[in-house]
Amino acid sequence: MKRVFLILSMVLSASLAMTTMAQKFALIDMEYILKNIPAYEMTNEQLSQLSEKWQGEIDVLQQEAQNMYKTYQSERVFLSAEMISKREEDIIKKEQEAQELKRKYFGAEGELYKKRESLMKPIQDEIYEAIKAISEDKGYQVVVDRASAMSIIYASPKIDISNEVLAKLGYSK
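Given the structure is predicted, the values throughout are model-derived calculations rather than measurements.

Q: Quick question: what am I supposed to make of the pattern of salt bridges here?
A: In this structure the tally under the stated criterion is 8 salt bridges. Measuring nitrogen to oxygen at the nearest pair gives 4.0 Å for the salt bridge that ties K94 to E97. Highlighted residues: K94 and E97, both in helix α4 (residues 81–106), separated by 3 residues, approximately one helical turn. According to the relative accessible area criterion, K94 is buried, its value standing at 18%.

What follows is the structure, given as structure tokens:
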């Protein structure tokens with residue numbers, strides 16, 4: 001009985017090893033690919049400029065709120081209770097306006113996210129199609145992104161197809 005079990009486990013192990021050997025794997029380095037695509041660099045620059053512009057608008061509102069508060073602090077002793085309440089409301093309103101603008105531009109579904117999505121999606125789709133074409137041509141069952149796969153400790157440079165992807169996109173390396 002032990003022999004049958006041992007032989008059966010050896011056959012099973014051998015068949016699994018053959019199946020694994022039959023599969024073809026490849027690696028890409030998405031960061032490397034993106035750094036070598038000029039459109040990606042231009043898009044990043046455009047997003048950076050837009051982000052700085054929007055941050056400037058928010059900073060102006062925050063500075064206005066801060067100035068209003070400083071003025072309020074210095075004049076508070078001369079104001080009636082009604083005027084104090086009005087000024088406090090105005091300051092809070094200005095701070096909320098700044099926070100709302102920040103959420104509008106930089107929030108999870110904000111303008112920056114939408115702009116990044118609209119500008120990056122065509123580049124990402126183009127890369128995906130190039131990887132798909134190379135995989136179909138060469139018979140790869142799995143292509144792993146080395147840049148985002150933290151669990152890869154070592155991989156042979158022979159299976160890295162990043163330069164092939166760049167060549168397929170027209171950016172020879």
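Q: Help me understand the nonpolar core in this model?
A: Generally speaking, nonpolar side chains in soluble globular proteins are found buried as a group. Core analysis: the biggest nonpolar cluster contains 26 residues, and I33, I37, I127, I161 and V165 have the highest contact counts within it. Counting residues per element, the ones that place at least two in this core are β1 (25–28), α2 (30–35), α3 (38–75), α4, α5 (111–138) and α6 (162–169). When residues of this core are assigned to their parent elements, the largest contribution, 7 residues, is made by α5. If sequence neighbours within four positions are ignored, I33 has contacts with I28, I127, S162, V165 and L166.

Q: Mind showing me how you'd approach α3 here?
A: Residue pairs three or four apart in sequence face the same way in an α-helix, which turns once every 3.6 residues. If you check α3, its first and last C-alpha atoms are 55 Å apart, about what 38 residues at 1.5 Å a residue would give, namely 56 Å. By the burial criterion, the buried members of α3 are Y40, T43, L47, L50, W54, I58, L61, A65 and Y72. If you follow the buried residues of α3, they end up packed against α2, α4 and α5.

The rules we used
Residues numbered from 1 in each chain as written. Predicted model: local features only at pLDDT ≥ 70, side-chain atom pairs only at ≥ 80, totals over all residues. Heavy atoms only, no water. Salt bridge = Lys/Arg side-chain N within 4 Å of Asp/Glu carboxyl O. Helix = DSSP H or I, 4+ residues; strand = E, 2+ residues; numbered from the N terminus. Buried < 20%, exposed > 50% of the residue type's maximum accessible area, 1.4 Å probe, protein only. Core = buried A, V, L, I, M, F, W, Y, C linked by side-chain atoms within 4.5 Å. Contact = heavy atoms within 4.5 Å. Expected span 1.5 Å × (residues − 1).

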